[in-house]
Amino acid sequence: MLKIGVILGSTRDTRIGGKAAEWLMALAGQRTDLAFELIDLRDYALPFFNERASNMHAPTQDPEGLRWQKKIAEFDGYVIIAAEYNHGPTASLKNALDYAYVEWLRKPVSFVGYGSVGAARAIEQLRLIAVELQMAPIRSAVHIQGGDFLPIMMGQKTFNDLAHLPPLVTAMLDDLSWWANALKAAREQ
Ligand SMILES: Cc1cc2nc3c(=O)[nH]c(=O)nc-3n(C[C@H](O)[C@H](O)[C@H](O)COP(=O)(O)O)c2cc1C
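Cut-offs applied
Residues numbered from 1 in each chain as written. Predicted model: local features only at pLDDT ≥ 70, side-chain atom pairs only at ≥ 80, totals over all residues. Helix = DSSP H or I, 4+ residues; strand = E, 2+ residues; numbered from the N terminus. Rg over C-alpha atoms; globule rule 2.2 N^0.38 Å. Buried ≥ 20, exposed ≤ 12 C-beta atoms within 10 Å, placed from the backbone. Pairing = 2+ DSSP bridges. Axes fitted to C-alpha atoms, helices over the stretch in contact; angles between N-to-C directions. Contact = placed C-beta atoms within 7 Å. Near = placed C-beta within 6 Å. Nonpolar A, V, L, I, M, F, W, Y, C, P; charged D, E, K, R; others polar. Expected span 1.5 Å × (residues − 1). Arc of directions from axis to C-beta.

Please provide a residue-by-residue account of the overall build of the chain, values included.
Per the secondary structure count, the chain includes six helices and five strands. When the helices and strands of the chain are listed from N to C terminus, the series reads β-α-β-α-β-α-β-α-β-α-α. Taken over the C-alpha trace, the chain has a radius of gyration of 16 Å; the compact-globule value for 189 residues is 16 Å, and the two agree within 12%. Taken over the C-alpha atoms alone, the chain extends approximately 50 × 35 × 25 Å along its principal axes. Sorting the 189 residues of the chain into buried and exposed places 36% on the buried side.

This is the structure:
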């Protein structure tokens, strides 16, 4: 079974990202074609990037950076759970993306975003970053926005209350599965 890493991209103490991750992992766990593992950036004490170059060009020195790369190498594709801070991705996520390179190469990535516009602006930036990392950012993504997100942010509703979202998650993961299979076969050739 292909392995998908679900990267939880926000780390602040009061983050809502943890609830999004819990909800997504419960849905993802129902699938029989993909195996999912949650990768919480809180579990990696990555410094601000302080290497001579990306690991495509120079071996990483920082032990935590190496531990991060080893984890990322395990997967055939990724789902990034994306918050939007000031119309961009969180700094912790960008730093973590920078802290690997060869591990991302030619693997697909999709997104689950939440915020006033479902983190659409952050996710568009993340797609550009993913291209530079030689990943394949796929079109399908799940955006939890506006009237759906505000009651969650205010603590009046949970992600589980939004019955129209699971089919969108299914469609996104179906697409990710196709790309993960296709790119794994291509990498192995
Ligand atoms: C520093 C900061 C900047 C934010 N900027 C935006 C933004 O540009 N667009 C948006 O929709 N929400 C923005 N928000 C609100 C977030 O969508 C909301 O706080 C969300 O819960 C953040 O994810 P997190 O709780 O997992 O950290 C911002 C929140 C913070 C803390």
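Next comes the rest of the account.
Please set out the sheet that holds strand E3 (residues 77–82) residue by residue, giving values where relevant.
In space, the five strands of this open sheet follow the order E2-E1-E3-E4-E5, with parallel pairing throughout. Either end of the sheet is taken by a strand with one partner, and the two such strands are strand E2 (34–40) and strand E5 (136–144). Between one strand and the next, the sheet's axes are offset by a mean angle of 20 degrees, whatever the strand orientation. Where helix H1 (residues 17–28) meets the sheet, its contacts fall on strand E1 (2–8), E2, E3 and strand E4 (108–114), and the angle it forms with E1 comes to roughly 165 degrees. The strands that helix H6 (residues 165–188) touches are E1, E2, E3, E4 and E5; relative to E5, the one it contacts most, it runs at about 170 degrees.

Which residues make up the site of the ligand, and what values do they have?
Residues in close proximity to the ligand total 14 residues, the closest being Ser10, Gly17, Ala83, Gly115 and Ser116. Of the residues contributing to the shell around the ligand, the split by class is five nonpolar, six polar and three charged.

How would you sum up helix H4 (residues 120–132)? Please name residues and give values.
If you check H4, its first and last C-alpha atoms are 19 Å apart, about what 13 residues at 1.5 Å a residue would give, namely 18 Å. Considered for burial, the residues of H4 that qualify are Ala122, Ile123, Leu126 and Ala130. Along the axis of H4, the buried residues cluster in a sector spanning 90 degrees; they form a single face. Seen from the open side of H4, the exposed residues pointing more than 90 degrees away from its buried face are Leu128, Val131 and Glu132. Contact partners of the buried residues in H4: E3, E4 and E5. One or two residues past the end of H4 sits Gln134, with phi positive at roughly 60 degrees.

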